[in-house]
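# Residue-level structural notes
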Amino acid sequence: MGIAVQDVSKQFGSFRAIDNVNLEIKTGSLVALLGPSGSGKSTLLRMIAGLEQPDTGQIYLVGEDATYRKVQERHIGFVFQHYALFKHLTVRQNVAFALEIRKTPKNRIRHRVEELIDLVQLTGMGDRYPSQLSGGQRQRVALARALAVQPRVLLLDEPFGALDAKVRKELRTWLRNLHQEVNVTTVFVTHDQEEAMEVADEIVIMNHGRVEQVGSAAEIYDNPASSFVMSFIGPVNVLPPVSGLLPRNGKILGSDASWDHYGSGDRPIDPSVRVFWRPQDVLIQLQPTDNSVTVRVERIIHLGWEIQAELGLETGQLVTAHLSRDEYDRLQLQRHQTVYVTPKQVKVFADPALSLA
(Lines give C-alpha, C1' and ligand atoms only; values in the text may rest on other atoms or scores of the structure.)
Protein backbone atom coordinates (compact mmCIF):
# COMPACT_ATOMS: atom_id res chain seq x y z
CA MET A 1 0.00 0.00 0.00
CA GLY A 2 1.44 3.40 -0.98
CA ILE A 3 -0.33 5.47 1.69
CA ALA A 4 -2.51 4.39 4.61
CA VAL A 5 -4.34 6.85 6.86
CA GLN A 6 -5.82 5.23 9.98
CA ASP A 7 -8.27 6.92 12.38
CA VAL A 8 -6.71 10.35 11.78
CA SER A 9 -8.22 13.48 13.31
CA LYS A 10 -7.03 17.09 13.44
CA GLN A 11 -8.49 20.08 15.26
CA PHE A 12 -7.61 23.77 15.03
CA GLY A 13 -9.07 25.40 18.13
CA SER A 14 -12.78 24.57 18.08
CA PHE A 15 -12.72 23.68 14.35
CA ARG A 16 -12.48 19.96 13.55
CA ALA A 17 -10.65 19.94 10.22
CA ILE A 18 -10.24 16.14 9.93
CA ASP A 19 -12.70 13.81 11.64
CA ASN A 20 -11.54 10.21 12.11
CA VAL A 21 -10.46 9.62 8.50
CA ASN A 22 -9.47 6.19 7.20
CA LEU A 23 -8.04 5.95 3.70
CA GLU A 24 -5.85 3.59 1.66
CA ILE A 25 -4.07 4.66 -1.51
CA LYS A 26 -2.53 2.00 -3.74
CA THR A 27 1.12 2.12 -4.72
CA GLY A 28 1.59 3.78 -8.10
CA SER A 29 -1.93 5.22 -8.26
CA LEU A 30 -2.97 8.79 -9.09
CA VAL A 31 -5.58 9.93 -6.57
CA ALA A 32 -7.53 13.19 -6.24
CA LEU A 33 -8.72 14.64 -2.93
CA LEU A 34 -11.84 16.51 -4.04
CA GLY A 35 -14.19 18.67 -2.02
CA PRO A 36 -15.41 22.21 -1.36
CA SER A 37 -13.42 24.80 0.58
CA GLY A 38 -13.11 23.79 4.22
CA SER A 39 -13.69 20.09 3.54
CA GLY A 40 -10.28 19.11 4.96
CA LYS A 41 -8.56 17.98 1.76
CA SER A 42 -5.51 20.28 2.05
CA THR A 43 -5.13 19.56 5.77
CA LEU A 44 -5.10 15.82 5.05
CA LEU A 45 -2.49 16.31 2.31
CA ARG A 46 -0.32 18.40 4.65
CA MET A 47 -0.48 15.69 7.32
CA ILE A 48 0.63 13.07 4.80
CA ALA A 49 3.51 15.40 3.93
CA GLY A 50 4.45 16.00 7.58
CA LEU A 51 3.67 19.73 7.45
CA GLU A 52 0.92 19.16 10.05
CA GLN A 53 0.77 16.59 12.84
CA PRO A 54 -2.44 14.62 13.47
CA ASP A 55 -4.00 14.85 16.92
CA THR A 56 -4.90 11.15 16.76
CA GLY A 57 -4.29 8.25 14.39
CA GLN A 58 -1.43 6.99 12.24
CA ILE A 59 -0.10 7.68 8.74
CA TYR A 60 1.85 5.00 6.88
CA LEU A 61 3.97 5.64 3.79
CA VAL A 62 5.01 2.59 1.78
CA GLY A 63 4.26 0.33 4.74
CA GLU A 64 6.25 2.37 7.30
CA ASP A 65 4.78 4.41 10.16
CA ALA A 66 5.55 8.03 9.23
CA THR A 67 3.15 9.72 11.67
CA TYR A 68 5.82 11.62 13.58
CA ARG A 69 8.64 11.62 11.06
CA LYS A 70 10.06 14.93 9.88
CA VAL A 71 9.26 16.11 6.35
CA GLN A 72 12.77 15.37 5.07
CA GLU A 73 12.57 11.80 6.41
CA ARG A 74 9.41 10.92 4.46
CA HIS A 75 10.94 10.84 0.95
CA ILE A 76 8.10 12.84 -0.57
CA GLY A 77 7.89 15.44 -3.30
CA PHE A 78 5.56 18.38 -2.66
CA VAL A 79 4.27 20.85 -5.27
CA PHE A 80 2.49 24.01 -4.15
CA GLN A 81 -0.19 25.95 -6.01
CA HIS A 82 2.06 28.98 -6.50
CA TYR A 83 5.16 27.04 -7.62
CA ALA A 84 7.49 28.36 -4.83
CA LEU A 85 10.41 28.57 -7.28
CA PHE A 86 13.57 30.47 -6.44
CA LYS A 87 13.34 33.60 -8.59
CA HIS A 88 17.11 34.20 -8.62
CA LEU A 89 17.88 30.66 -9.87
CA THR A 90 17.56 29.33 -13.41
CA VAL A 91 15.34 26.41 -14.34
CA ARG A 92 18.35 24.09 -14.19
CA GLN A 93 19.40 25.44 -10.77
CA ASN A 94 15.87 25.16 -9.37
CA VAL A 95 15.61 21.52 -10.41
CA ALA A 96 19.09 20.78 -9.02
CA PHE A 97 18.52 22.49 -5.66
CA ALA A 98 17.35 19.49 -3.59
CA LEU A 99 20.08 17.26 -5.07
CA GLU A 100 22.76 19.79 -4.16
CA ILE A 101 21.44 19.98 -0.57
CA ARG A 102 21.88 16.19 -0.39
CA LYS A 103 25.46 16.58 -1.70
CA THR A 104 24.77 14.40 -4.72
CA PRO A 105 27.85 14.08 -7.00
CA LYS A 106 27.89 16.84 -9.63
CA ASN A 107 27.93 14.52 -12.64
CA ARG A 108 24.83 12.72 -11.31
CA ILE A 109 23.12 16.07 -10.72
CA ARG A 110 23.80 17.19 -14.29
CA HIS A 111 22.46 13.93 -15.73
CA ARG A 112 19.34 13.92 -13.50
CA VAL A 113 18.53 17.59 -14.16
CA GLU A 114 18.76 17.25 -17.95
CA GLU A 115 16.70 14.07 -17.79
CA LEU A 116 13.94 15.85 -15.84
CA ILE A 117 13.97 18.98 -18.01
CA ASP A 118 13.36 16.73 -21.01
CA LEU A 119 10.69 14.77 -19.12
CA VAL A 120 8.65 17.90 -18.35
CA GLN A 121 9.05 19.13 -21.94
CA LEU A 122 11.24 22.16 -21.21
CA THR A 123 14.21 21.15 -23.35
CA GLY A 124 16.33 24.19 -24.21
CA MET A 125 14.94 26.31 -21.37
CA GLY A 126 17.37 25.28 -18.64
CA ASP A 127 19.10 28.69 -18.50
CA ARG A 128 15.90 30.74 -18.24
CA TYR A 129 14.69 32.31 -15.01
CA PRO A 130 11.14 31.80 -13.66
CA SER A 131 10.16 35.32 -14.74
CA GLN A 132 10.90 34.31 -18.34
CA LEU A 133 8.46 31.38 -18.26
CA SER A 134 4.69 31.10 -18.57
CA GLY A 135 2.60 29.92 -15.63
CA GLY A 136 2.28 26.44 -17.08
CA GLN A 137 6.03 26.20 -17.65
CA ARG A 138 6.77 27.34 -14.08
CA GLN A 139 4.45 24.64 -12.74
CA ARG A 140 6.32 22.03 -14.78
CA VAL A 141 9.61 23.25 -13.29
CA ALA A 142 8.09 22.82 -9.81
CA LEU A 143 7.10 19.25 -10.69
CA ALA A 144 10.56 18.49 -12.06
CA ARG A 145 12.13 19.82 -8.85
CA ALA A 146 9.82 17.64 -6.73
CA LEU A 147 10.73 14.56 -8.81
CA ALA A 148 14.49 15.23 -8.69
CA VAL A 149 15.07 13.27 -5.47
CA GLN A 150 13.00 10.31 -6.77
CA PRO A 151 10.31 10.53 -4.06
CA ARG A 152 8.28 7.54 -2.96
CA VAL A 153 5.17 9.75 -2.86
CA LEU A 154 4.32 12.91 -4.85
CA LEU A 155 1.86 15.38 -3.29
CA LEU A 156 0.31 18.31 -5.19
CA ASP A 157 -1.80 21.01 -3.52
CA GLU A 158 -4.12 22.65 -6.09
CA PRO A 159 -1.28 22.36 -8.65
CA PHE A 160 -3.13 24.16 -11.45
CA GLY A 161 -5.21 26.54 -9.34
CA ALA A 162 -3.26 29.66 -10.35
CA LEU A 163 -3.51 29.00 -14.08
CA ASP A 164 -6.10 30.03 -16.65
CA ALA A 165 -8.65 27.50 -17.93
CA LYS A 166 -6.90 26.71 -21.22
CA VAL A 167 -3.53 26.03 -19.59
CA ARG A 168 -5.17 23.97 -16.84
CA LYS A 169 -6.78 21.79 -19.49
CA GLU A 170 -3.46 21.24 -21.24
CA LEU A 171 -1.64 20.40 -18.02
CA ARG A 172 -4.24 17.82 -16.96
CA THR A 173 -3.35 15.67 -19.96
CA TRP A 174 0.33 16.35 -19.42
CA LEU A 175 0.16 15.30 -15.73
CA ARG A 176 -1.69 12.10 -16.63
CA ASN A 177 0.98 11.20 -19.21
CA LEU A 178 3.80 12.17 -16.83
CA HIS A 179 2.39 9.91 -14.11
CA GLN A 180 2.35 6.96 -16.51
CA GLU A 181 6.05 7.54 -17.16
CA VAL A 182 7.29 8.03 -13.58
CA ASN A 183 4.67 5.74 -11.91
CA VAL A 184 5.09 7.31 -8.46
CA THR A 185 2.19 7.24 -5.97
CA THR A 186 0.60 10.65 -6.48
CA VAL A 187 -2.08 12.53 -4.52
CA PHE A 188 -3.38 15.90 -5.64
CA VAL A 189 -5.87 18.27 -4.05
CA THR A 190 -8.46 20.02 -6.16
CA HIS A 191 -11.90 21.60 -5.86
CA ASP A 192 -12.43 21.17 -9.63
CA GLN A 193 -14.68 18.17 -10.35
CA GLU A 194 -13.75 17.99 -14.01
CA GLU A 195 -10.05 18.05 -13.19
CA ALA A 196 -10.41 15.17 -10.72
CA MET A 197 -12.58 13.11 -13.06
CA GLU A 198 -10.28 13.60 -16.05
CA VAL A 199 -6.94 12.95 -14.32
CA ALA A 200 -7.36 10.62 -11.34
CA ASP A 201 -7.52 6.81 -11.12
CA GLU A 202 -9.54 7.22 -7.93
CA ILE A 203 -11.32 10.17 -6.35
CA VAL A 204 -11.70 10.75 -2.62
CA ILE A 205 -14.72 12.97 -1.94
CA MET A 206 -14.35 14.96 1.29
CA ASN A 207 -16.89 17.02 3.23
CA HIS A 208 -16.67 18.55 6.72
CA GLY A 209 -13.43 16.69 7.46
CA ARG A 210 -14.78 13.27 6.52
CA VAL A 211 -14.46 10.96 3.55
CA GLU A 212 -17.87 10.69 1.88
CA GLN A 213 -16.91 8.25 -0.87
CA VAL A 214 -13.89 6.74 -2.65
CA GLY A 215 -14.09 5.38 -6.19
CA SER A 216 -13.45 5.91 -9.86
CA ALA A 217 -15.07 8.84 -11.65
CA ALA A 218 -17.70 6.51 -13.13
CA GLU A 219 -18.47 4.85 -9.78
CA ILE A 220 -18.92 8.14 -7.98
CA TYR A 221 -21.00 9.74 -10.73
CA ASP A 222 -23.25 6.74 -11.37
CA ASN A 223 -23.55 5.42 -7.81
CA PRO A 224 -23.15 8.31 -5.34
CA ALA A 225 -23.08 7.21 -1.72
CA SER A 226 -24.86 10.29 -0.34
CA SER A 227 -26.94 13.30 -1.28
CA PHE A 228 -23.81 15.44 -0.88
CA VAL A 229 -21.85 13.42 -3.45
CA MET A 230 -24.80 13.43 -5.85
CA SER A 231 -25.07 17.23 -5.53
CA PHE A 232 -21.32 17.92 -5.70
CA ILE A 233 -20.39 15.75 -8.68
CA GLY A 234 -21.95 17.01 -11.88
CA PRO A 235 -25.10 19.07 -12.46
CA VAL A 236 -28.31 17.83 -10.83
CA ASN A 237 -31.89 18.89 -10.23
CA VAL A 238 -32.92 18.56 -6.57
CA LEU A 239 -36.67 18.33 -6.01
CA PRO A 240 -39.12 17.34 -3.29
CA PRO A 241 -41.15 14.19 -4.04
CA VAL A 242 -43.17 14.85 -7.18
CA SER A 243 -45.76 12.37 -8.42
CA GLY A 244 -44.52 10.83 -11.66
CA LEU A 245 -40.82 11.21 -10.79
CA LEU A 246 -40.57 8.37 -8.28
CA PRO A 247 -40.36 4.72 -9.31
CA ARG A 248 -43.26 2.54 -8.22
CA ASN A 249 -41.00 0.54 -5.91
CA GLY A 250 -37.57 1.36 -4.63
CA LYS A 251 -35.12 2.35 -1.93
CA ILE A 252 -34.63 5.71 -0.28
CA LEU A 253 -30.84 5.98 -0.27
CA GLY A 254 -29.18 7.07 2.96
CA SER A 255 -31.87 5.41 5.09
CA ASP A 256 -33.43 2.04 5.84
CA ALA A 257 -36.76 3.16 4.37
CA SER A 258 -38.35 2.07 1.15
CA TRP A 259 -41.57 3.05 -0.54
CA ASP A 260 -44.40 1.37 -2.38
CA HIS A 261 -45.72 3.85 -4.94
CA TYR A 262 -44.37 6.54 -2.64
CA GLY A 263 -46.27 9.82 -2.67
CA SER A 264 -49.41 8.39 -4.26
CA GLY A 265 -51.49 9.21 -1.20
CA ASP A 266 -51.20 5.85 0.53
CA ARG A 267 -48.08 6.96 2.44
CA PRO A 268 -47.14 10.32 4.02
CA ILE A 269 -44.35 12.20 2.29
CA ASP A 270 -41.21 12.46 4.43
CA PRO A 271 -40.08 16.13 4.34
CA SER A 272 -36.41 15.06 4.30
CA VAL A 273 -36.78 13.11 1.04
CA ARG A 274 -35.39 14.65 -2.12
CA VAL A 275 -35.39 13.47 -5.73
CA PHE A 276 -32.04 13.90 -7.53
CA TRP A 277 -32.38 14.05 -11.31
CA ARG A 278 -29.49 14.59 -13.71
CA PRO A 279 -30.20 17.01 -16.61
CA GLN A 280 -29.24 14.36 -19.17
CA ASP A 281 -31.82 12.00 -17.64
CA VAL A 282 -34.74 14.37 -18.33
CA LEU A 283 -36.73 12.89 -21.22
CA ILE A 284 -38.84 15.55 -22.99
CA GLN A 285 -41.92 14.43 -24.92
CA LEU A 286 -44.51 16.36 -26.91
CA GLN A 287 -47.41 14.15 -25.78
CA PRO A 288 -48.30 13.07 -22.22
CA THR A 289 -47.82 9.49 -21.00
CA ASP A 290 -49.05 7.64 -17.91
CA ASN A 291 -46.10 8.71 -15.77
CA SER A 292 -45.17 12.05 -17.33
CA VAL A 293 -45.10 15.43 -15.58
CA THR A 294 -46.38 18.58 -17.28
CA VAL A 295 -43.85 21.39 -17.61
CA ARG A 296 -43.51 24.68 -19.45
CA VAL A 297 -40.43 25.71 -21.42
CA GLU A 298 -39.14 28.83 -19.66
CA ARG A 299 -35.78 29.30 -21.36
CA ILE A 300 -33.62 27.73 -24.06
CA ILE A 301 -29.83 28.18 -23.87
CA HIS A 302 -27.61 27.29 -26.84
CA LEU A 303 -24.25 26.01 -25.60
CA GLY A 304 -22.91 24.98 -29.00
CA TRP A 305 -22.32 21.30 -28.35
CA GLU A 306 -25.68 20.87 -26.60
CA ILE A 307 -28.88 22.68 -25.71
CA GLN A 308 -29.94 23.47 -22.15
CA ALA A 309 -33.66 23.86 -21.49
CA GLU A 310 -35.10 25.31 -18.28
CA LEU A 311 -38.50 23.78 -17.62
CA GLY A 312 -41.04 25.05 -15.08
CA LEU A 313 -43.03 22.57 -12.99
CA GLU A 314 -46.58 23.42 -11.92
CA THR A 315 -45.14 23.97 -8.41
CA GLY A 316 -43.03 26.83 -9.80
CA GLN A 317 -39.72 24.99 -9.50
CA LEU A 318 -37.34 24.82 -12.46
CA VAL A 319 -35.87 21.64 -13.92
CA THR A 320 -32.80 21.83 -16.14
CA ALA A 321 -32.60 19.44 -19.11
CA HIS A 322 -29.67 18.82 -21.43
CA LEU A 323 -30.45 17.85 -25.03
CA SER A 324 -28.27 16.93 -27.96
CA ARG A 325 -28.55 19.10 -31.05
CA ASP A 326 -30.40 16.24 -32.79
CA GLU A 327 -32.95 15.96 -29.96
CA TYR A 328 -33.52 19.70 -29.99
CA ASP A 329 -34.00 19.75 -33.76
CA ARG A 330 -36.51 16.91 -33.51
CA LEU A 331 -38.55 18.51 -30.72
CA GLN A 332 -38.42 22.09 -32.10
CA LEU A 333 -38.94 23.51 -28.59
CA GLN A 334 -40.27 27.03 -28.21
CA ARG A 335 -40.35 29.28 -25.19
CA HIS A 336 -43.65 29.04 -23.20
CA GLN A 337 -44.47 25.74 -24.92
CA THR A 338 -46.12 23.03 -22.76
CA VAL A 339 -44.29 19.70 -22.90
CA TYR A 340 -44.10 16.56 -20.79
CA VAL A 341 -41.13 15.05 -18.98
CA THR A 342 -40.35 11.62 -17.60
CA PRO A 343 -37.15 10.53 -15.87
CA LYS A 344 -34.79 8.06 -17.49
CA GLN A 345 -33.61 7.50 -13.93
CA VAL A 346 -33.63 9.33 -10.60
CA LYS A 347 -32.06 8.75 -7.20
CA VAL A 348 -33.92 9.42 -3.97
CA PHE A 349 -32.10 10.37 -0.77
CA ALA A 350 -33.34 11.03 2.74
CA ASP A 351 -31.29 13.80 4.27
CA PRO A 352 -32.50 15.84 7.28
CA ALA A 353 -30.39 18.75 6.12
CA LEU A 354 -32.69 19.05 3.09
CA SER A 355 -35.92 19.04 5.10
CA LEU A 356 -38.61 21.51 4.12
CA ALA A 357 -39.35 22.12 7.79
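The notes below deal with the structure included here.

Rules of the game
- Residues numbered from 1 in each chain as written.
- Predicted model: local features only at pLDDT ≥ 70, side-chain atom pairs only at ≥ 80, totals over all residues.
- Heavy atoms only, no water.
- Helix = DSSP H or I, 4+ residues; strand = E, 2+ residues; numbered from the N terminus.
- Buried < 20%, exposed > 50% of the residue type's maximum accessible area, 1.4 Å probe, protein only.
- Contact = heavy atoms within 4.5 Å.
- Areas by Shrake-Rupley, 256 points an atom, 1.4 Å probe, with all protein chains shown as cover.
- Pairing = 2+ DSSP bridges.
- Axes fitted to C-alpha atoms, helices over the stretch in contact; angles between N-to-C directions.
- Phe/Tyr/Trp six-rings, centres within 6.5 Å; stacked < 30°, edge-to-face > 60°.
- Lys NZ or Arg CZ within 6 Å of the ring centre and 35° of its normal.
- Polar contact = N/O pair within 3.5 Å; in protein donor to acceptor, adjacent residues only side chain to side chain.
- Parallel < 35°, antiparallel > 145°, perpendicular 65-115°, else oblique.
- Left-handed = near helix turned anticlockwise from the far one by under 90°.
- Nonpolar A, V, L, I, M, F, W, Y, C, P; charged D, E, K, R; others polar.
- Core = buried A, V, L, I, M, F, W, Y, C linked by side-chain atoms within 4.5 Å.

Looking only at helices and strands, the protein has nine helices and 20 strands in total. For the protein, the proportion of its 357 residues judged to be buried stands at 49%. For the protein, restricting intrachain contacts to residue pairs at least 6 apart in sequence, the fraction spanning at least 24 positions comes to 67%. If you sum the accessible surface of the protein, you get close to 17,600 Å²; carbon and sulfur atoms cover 48% of it.

On to the sheet that holds strand β2 (residues 15-25). Pairing is antiparallel across the open sheet formed by four strands, whose spatial order is β2-β1-β4-β5. With one partner strand each, in any of the chains shown, β2 and β5 (64-65) form the two edges of the open sheet. Both strand β1 (residues 3-12) and strand β4 (residues 56-61) contribute to a ladder of five bridges, which runs antiparallel. Bridge pairing in β4 places alanine 4 opposite tyrosine 60. Contacting β1, β2 and β4, helix α1 (residues 41-49) crosses the sheet at an angle of about 120° to β1.

If you walk through the whole model with that rule in mind, you get four aromatic pairs. Relative to phenylalanine 349, the ring of phenylalanine 276 lies with its centre 5.2 Å away and its plane at 85°, an arrangement referred to as edge-to-face. Linking phenylalanine 276 in strand β14 (residues 273-277) with phenylalanine 349 in strand β20 (residues 347-350), this pair joins segments that are 73 residues apart in sequence. Here arginine 278 stacks its cationic end above the ring of tyrosine 221, 4.1 Å away from the centre of that ring.

In this fold, asparagine 237 is placed in strand β11 (residues 237-239). Given a relative accessible area of 5%, asparagine 237 falls into the buried group. Engagement of the side chain of asparagine 237 in a polar contact is seen with the backbone nitrogen of threonine 320, the distance being 2.8 Å. When neighbours within four sequence positions are excluded, asparagine 237 is seen to be in contact with Val275, Phe276, Trp277, Arg278, Pro279, Val282, Leu318, Val319 and Thr320.

Attention now moves to the packing of helix α2 (residues 91-101) against helix α3 (residues 106-119). Where α2 contacts α3, the axes come no closer than 9 Å and their chain directions differ by 130°. Between α2 and α3, the angle falls in the class oblique. Our pair here, α2 against α3, has a crossing hand that is right-handed. Residues Val91, Arg92, Val95, Ala96, Leu99 and Glu100 of α2 touch α3, and the partners they reach there are Ile109, Arg112, Val113, Glu114, Leu116 and Ile117. Taken together, the residues that form the contact of α2 with α3 break down as eight nonpolar, no polar and four charged.

This part covers the nonpolar core. One finds Val95, Leu154, Ile203 and Ile205 to be the most contacted residues of the largest nonpolar core, which totals 46 residues. Take this core: its biggest share by element is six residues, from helix α4 (residues 135-147). Each residue touching leucine 154, except ones within four places of it in the same chain, is listed here: Gly77, Val79, Leu143, Ala146, Leu147, Val184, Thr185, Thr186 and Val187.

This next bit is on the packing of α4 against helix α5 (residues 165-182). In contact at an axis separation of 11 Å, α4 and α5 are set at 20° when each is read in the N-to-C sense. Between α4 and α5, the interaxial angle falls into the category roughly parallel. By crossing handedness, the relation of α4 to α5 is classed as right-handed. Of the residues in α5, those in contact with Gly136, Gln139, Arg140, Leu143 and Leu147 of α4 are Val167, Leu171, Trp174, Leu178 and Val182. Considering only residue class, the contact of α4 with α5 consists of seven nonpolar, two polar and one charged.

Within the open sheet, the six strands sit side by side as β6-β7-β8-β3-β9-β10. Their pairing is mixed. Whereas interior strands pair on both sides, the edge strands pair on one side only; in this sheet they are β6 (76-79) and β10 (210-215). Taking the axes of each pair of neighbouring strands and ignoring which way they run, one obtains an average angle of 15° across the sheet. Strand direction decides the pairing type here: strand β3 (residues 30-34) and strand β8 (residues 185-190), joined by five bridges, are parallel. The residue bridging alanine 32 from the neighbouring strand is phenylalanine 188, located in β8.

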